[in-house]
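Examining the three-dimensional arrangement
For reference, the chains in residue letters:
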Amino acid sequence: MFAMSRRDLVSIYIACWLSVISRVDAFVVSPPSSANNCVTSSLHPSTKTSHMKVWKRCTRRKKNKPVSLKASASTTYDLIVIGGGSAGLTAAKFAATFDKSVCLVESNKVGGDCTWSGCVPSKTLLSAAKRAYTWQQMNEQYGDSKIDDTALRKMLQGVKKDIDEKRNRIYEEDDSPKVLESLCIDLAQGKATFRDEKTIDVSNESDDTSYQLVAKHGIVIATGASPRNPKLDIKGLDTVPYWTYENVWNEFFSSIEQNSKQKVSSKRIVIVGGGPIGCELSQAISKLGCSVTLISSNRLLPTEEVEASTELQEVFEEEGIQVICDQRVESVSKSDDDGLISVALTDSEDTIVGDHILVATGRVPNIQNLGLGNIGVQINSNNGIRVDDNLQTSIKGVFAAGDCTGDRQFTHYAGYQGAIAARNILLPLKDRGVLSQVPATTFTDPEIASFGLTEEAAKQQLGEDLVSISHRSLSKVDRAVCEGTDTHGFIKIVYHTKTKQILGATIMSPAAGELISELSVAKDAKLSFDKMSTVMHSYPSYGIALQQMAADVYYDKLKKSKLVYDILKRAGL
Ligand SMILES: Cc1cc2nc3c(=O)[nH]c(=O)nc-3n(C[C@H](O)[C@H](O)[C@H](O)COP(=O)(O)OP(=O)(O)OC[C@H]3O[C@@H](n4cnc5c(N)ncnc54)[C@H](O)[C@@H]3O)c2cc1C
């Protein structure tokens with residue numbers, strides 16, 4: 001009975017509010033009169049009331065109890081959140097939604113990696129690159145000639161503008177101080193350090209102010225991650241200019257603008273790192289017209305099924321990317337004569353030469369200079385903040401969420417954890433914030449999306465006999481055949497041989513990031529794989545392949561009862 005009411009009250013509560021406040025829903029909280037609200041409300045009936053409540057509460061609290069930050073003053077809040085990225089914003093919005101006073105401390109521009117240097121610019125770049133590639137191919141196929149350099153440069157200027165516009169739009173609509181103010185979230189601009197378990201010092205060097213903030217109920221640390229310092233691993237990197245995901249959004253475009261003599265197509269970019277960031281950027285930059293060499297110390301996307309890595313490498317090579325796997329970069333140097341960068345590999349005599357080098361060798365949690373030692377917060381083996389299943393650190397009342405915990409680095413996971421951390425501080429009882437299975441998508445073309453166990457991991461955990469595989473090549477998916485996307489890709493579902501419960505899946509296909517959600521929902525709802533055959537899908541969607549694959553499993557099951565059916569039929573039933 002208790003468990004039931006807890007699920008009802010807490011999980012459903014959280015699920016409802018998450019849909020309103022998290023970035024996953026990309027939903028702006030503003031007064032209920034806007035056209036945007038009407039559209040969204042009609043799609044999601046529950047959100048209209050949520051919206052109105054937030055707005056009313058906000059004005060009420062403002063009238064009765066204005067909260068302001070004054071230099072050198074100390075202010076007490078129900079919740080203090082350090083870091084205004086996906087995790088921190090969701091935590092703060094959660095608190096505000098429940099009418100709690102909350103202060104968000106941010107040392108930079110609110111929005112974090114996702115808005116400024118991660119998801120938003122990378123997905124905008126990939127989308128533009130895909131269109132540019134199609135444009136070039138169509139022109140080669142049906143036009144008179146290849147697209148010339150002037151046209152390519154003009155296109156790239158447009159792409160840069162597009163990235164800036166998209167980032168600013170999402171910032172203005174979701175993250176800006178104006179949005180926070182409308183939600184009654186106070187923003188303290190500056191660097192946060194712990195004075196004690198309940199007190200945060202905020203110092204802002206630009207206007208030379210400092211504040212002291214006191215948390216009544218708790219503090220959420222959501223300071224994110226930064227590029228891993230590759231200078232430690234690659235000799236000579238400190239002597240050459242290199243790009244990371246933090247500066248590539250400007251550096252790539254300005255390198256083209258500044259060098260008008262060099263054709264875009266003759267620009268050579270060396271990318272180090274075969275994880276999602278390295279793969280996405282390699283394909284985008286290649287499709288925008290430059291020549292790319294991708295070096296990975298492992299296979300591409302090493303946490304995915306091997307088949308996905310192999311096929312992605314084939315796609316890249318067909319598109320003209322030079323892929324070097326299972327090789328580490330030993331050292332780099334820059335020539336004084338022509339400014340070219342030479343890259344030496346550990347196990348090869350070959351030297352790779354490029355105009356620029358982009359290093360994407362991982363991200364490390366931001367845990368420095370926070371004064372964590374002052375209060376004894378423990379660090380885990382990933383160099384992140386150690387948390388228990390409910391996201392509490394080793395110090396009572398101090399929670400951590402998102403990339404700073406050293407767990408998997410996704411916006412949806414950070415957002416989820418931010419809400420759960422705030423919920424666990426502010427509401428009764430606790431919910432789990434550390435999840436064993438989180439869906440992931442690499443937004444290459446085709447996309448690669450997965451969740452749960454790979455075939456190998458499932459067999460290791462359960463034994464070969466209890467693991468079954470349903471596999472379909474994209475060449476057998478009608479939609480892919482119609483669209484000409486059938487040359488590479490597959491859907492692979494790992495399920496329990498006896499119960500038919502879904503254990504994991506990998507999809508390499510257009511819109512794989514959308515398709516994987518259906519399987520996640522089925523798994524969460526404990527819908528066995530074969531039962532998905534009874535859920536009608538429209539033809540010829542990519543998703544109908546899931547229904548067809550499930551039907552194969554369902555028919556196999558039916559066939560095992562053939563004798564019983566024959567007897568019943570003969571008996572006239
Ligand atoms: C190129 C790239 C592409 C990506 N693409 C995707 C994708 O497609 N899908 C996806 O799910 N994820 C993607 N990610 C990952 C995603 O961006 C992160 O997982 C997510 O942003 C983590 O959110 P966070 O809140 O934990 O940290 P962040 O967003 O990094 O926010 C942390 C904030 O804390 C602030 N801060 C740090 N220290 C202090 C301090 N002492 N005081 C005050 N403020 C401080 C920082 O300035 C920052 O604003 C991508 C990442 C990159 C780099």
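Residues numbered from 1 in each chain as written. Predicted model: local features only at pLDDT ≥ 70, side-chain atom pairs only at ≥ 80, totals over all residues. Heavy atoms only, no water.

**Section: the overall build of the chain**
A count of helical and extended segments in the chain gives 18 helices and 21 strands. Here the chain holds 573 residues, and 50% of them are scored as buried. Carbon and sulfur atoms form 51% of the exposed surface of the chain, whose accessible area is close to 27,500 Å². (Helix = DSSP H or I, 4+ residues; strand = E, 2+ residues; numbered from the N terminus. Buried < 20%, exposed > 50% of the residue type's maximum accessible area, 1.4 Å probe, protein only. Areas by Shrake-Rupley, 256 points an atom, 1.4 Å probe, with all protein chains shown as cover.)

**Considering the pattern of salt bridges**
Enumeration over the complete set of coordinates arrives at 26 salt bridges. Where Glu330 meets Lys235, a salt bridge forms, and the shortest distance between an N and an O atom there is 3.0 Å. Within this pair, whereas Glu330 is found in strand 11 (residues 329-334), its partner Lys235 is found in the loop between strand 7 (225-227) and helix 9 (248-258), the two being separated by 95 residues in sequence. A residue is classified by how much of its surface remains accessible, and Glu330, at 31% relative accessible area, is partly exposed. By relative accessible area, which is 54% here, Lys235 ends up exposed. Linked by salt bridges that have partners in common, Lys130, Lys287, Glu319 and Asp445 make up one network. (Salt bridge = Lys/Arg side-chain N within 4 Å of Asp/Glu carboxyl O.)

**Overview of the site of the ligand**
Around the ligand, the structure places 37 residues, and the nearest of them are Ala87, Glu106, Lys123, Asp403 and Thr411. Note that an oxygen atom of the ligand is positioned 2.6 Å from one of the side-chain N or O atoms of Glu106. When the ligand is considered free in solution it has 1,000 Å² of accessible area, and contact with the protein chains removes 92% of it. When residues of the shell around the ligand are traced back to their parent elements, those giving at least two are helix 4 (86-97), strand 2 (102-106), helix 5 (112-116), helix 6 (119-142), strand 4 (191-194) and helix 13 (411-426). A breakdown of the residues in the shell around the ligand according to their chemical character gives 14 nonpolar, 17 polar and six charged. (Near = heavy atom within 4 Å. Polar contact = N/O pair within 3.5 Å; in protein donor to acceptor, adjacent residues only side chain to side chain. Nonpolar A, V, L, I, M, F, W, Y, C, P; charged D, E, K, R; others polar.)

**Comments concerning the packing of helix 6 against helix 10 (residues 276-287)**
Where helix 6 meets helix 10, the closest approach of the two axes is 8 Å, and the angle between their N-to-C directions is 40 degrees. The element helix 6 and its partner helix 10 pack so that their crossing is left-handed. Contact residues: Ser122, Lys123, Leu125, Leu126, Ala129, Lys130, Ala132, Tyr133 and Gln136 in helix 6; Glu280, Leu281, Ala284 and Lys287 in helix 10. Class assignment of the residues belonging to the contact of helix 6 with helix 10 gives a composition of seven nonpolar, two polar and four charged. (Axes fitted to C-alpha atoms, helices over the stretch in contact; angles between N-to-C directions. Left-handed = near helix turned anticlockwise from the far one by under 90°. Contact = heavy atoms within 4.5 Å.)

**Quick notes on the confidence of the model for the chain**
Scored by pLDDT, the chain comes out at a mean of 88, with 87% of its residues at no less than 70. Counted against residues more than four places away or in other chains, residues 19-60, with its pLDDT under 50, gives 60 contacts. For the stretch residues 62-68, pLDDT sits under 50, and the model shows nine contacts to residues farther than four places along the chain or on other chains. (pLDDT = per-residue confidence, 0-100.)

**Some points on the sheet that holds strand 8 (residues 268-272)**
Taking strand neighbours across the sheet as the criterion, the four strands line up as 10-9-8-14 in an open arrangement whose pairing is parallel. Looking at which strands have only one partner, the edges of the open sheet turn out to be strand 10 (322-324) and strand 14 (356-359). Neighbouring strand axes in the sheet, compared pairwise and without regard to direction, differ in orientation by 15 degrees on average. Contacting strand 8, strand 9 (291-295) and strand 14, helix 10 crosses the sheet at an angle of about 165 degrees to strand 9. (Pairing = 2+ DSSP bridges.)

**Quick notes on the packing of aromatic side chains**
Aromatic ring pairs are described here by two measures, namely the spacing of the ring centres and the angle between the planes. According to the stated counting rule, one finds six aromatic pairs in the structure shown. Centre to centre, the rings of Tyr554 and Tyr555 are 6.5 Å apart; their planes meet at 50 degrees, and the pair counts as tilted. Joined through ring pairs, the aromatic side chains of Trp243, Phe252 and Phe253 make up one cluster. Over the ring of Tyr171 we find Lys109; its NZ or CZ atom is 4.9 Å from the centre of that ring. (Phe/Tyr/Trp six-rings, centres within 6.5 Å; stacked < 30°, edge-to-face > 60°. Lys NZ or Arg CZ within 6 Å of the ring centre and 35° of its normal.)

**Some points on the nonpolar core**
Counting residues in each nonpolar core, the largest one holds 42 residues, and the members touching the most others are Leu125, Phe252, Leu288 and Phe316. When residues are assigned to domains, this core turns out to be shared by domain 2 (126-165 + 229-361) and domain 3 (446-563), each giving three or more. Discounting residues that sit within four places of it in the chain, Leu288 has contacts with Leu125, Ala129, Ala132, Gln136, Leu152, Met155, Leu156, Val159, Phe252 and Val264. Of all hydrophobic cores here, the second largest spans 35 residues; its members include Val102, Ala401, Tyr413 and Ala421. (Core = buried A, V, L, I, M, F, W, Y, C linked by side-chain atoms within 4.5 Å. Domains from an automatic or database assignment.)

**Quick look at the packing of helix 6 against helix 7 (residues 149-175)**
Helix 7 packs onto helix 6 with a crossing angle of 150 degrees between their chain directions and a minimal axis gap of 9 Å. Classified by the angle between their axes, helix 6 and helix 7 sit roughly antiparallel to one another. Relative to helix 7, helix 6 is oriented so that their crossing is right-handed. Note on element contacts: helix 7 touches helix 6 through Ala151, Leu152, Met155, Val159, Asp162, Ile163, Lys166, Arg167 and Ile170, opposite Val120, Pro121, Thr124, Leu125, Ala128, Arg131, Ala132, Trp135 and Gln136. (Parallel < 35°, antiparallel > 145°, perpendicular 65-115°, else oblique.)

**Notes on unusual backbone geometry**
At the junction of Asp445 and Pro446, the peptide bond is cis and its omega measures out at 0 degrees in the coordinates. Relative to the helices and strands, Pro446 is located in the loop between strand 17 (440-442) and strand 18 (447-452). Looking along the chain, the bond that leaves Tyr539 and enters Pro540 is cis, with omega of -5 degrees. Of note, Pro540 is situated in the loop between helix 16 (512-524) and helix 17 (544-559). In this model, Lys526 sits at a positive phi of 60 degrees, which is unusual for a non-glycine residue. Here Lys526 lies in the loop between helix 16 and helix 17.

**Regarding the side chain of Thr444**
As for its placement among the helices and strands, Thr444 is situated in the loop between strand 17 and strand 18. The class for Thr444 is buried, based on a relative accessible area of 3%. Those residues in contact with Thr444 that lie beyond four places of it in its chain are Cys279, Glu280, Gln283, Leu312 and Phe316.

**Some remarks on the environment of Val467**
Topologically, Val467 is positioned in strand 19 (residues 467-473). For the pair Val467 and Lys500, spaced 33 residues apart in sequence, the C-alpha separation works out to 9.2 Å. The contact partners of Val467, leaving out residues within four places of it in the chain, are Ala458, Lys459, Leu462, Val494, Tyr495, Thr497 and Leu503.

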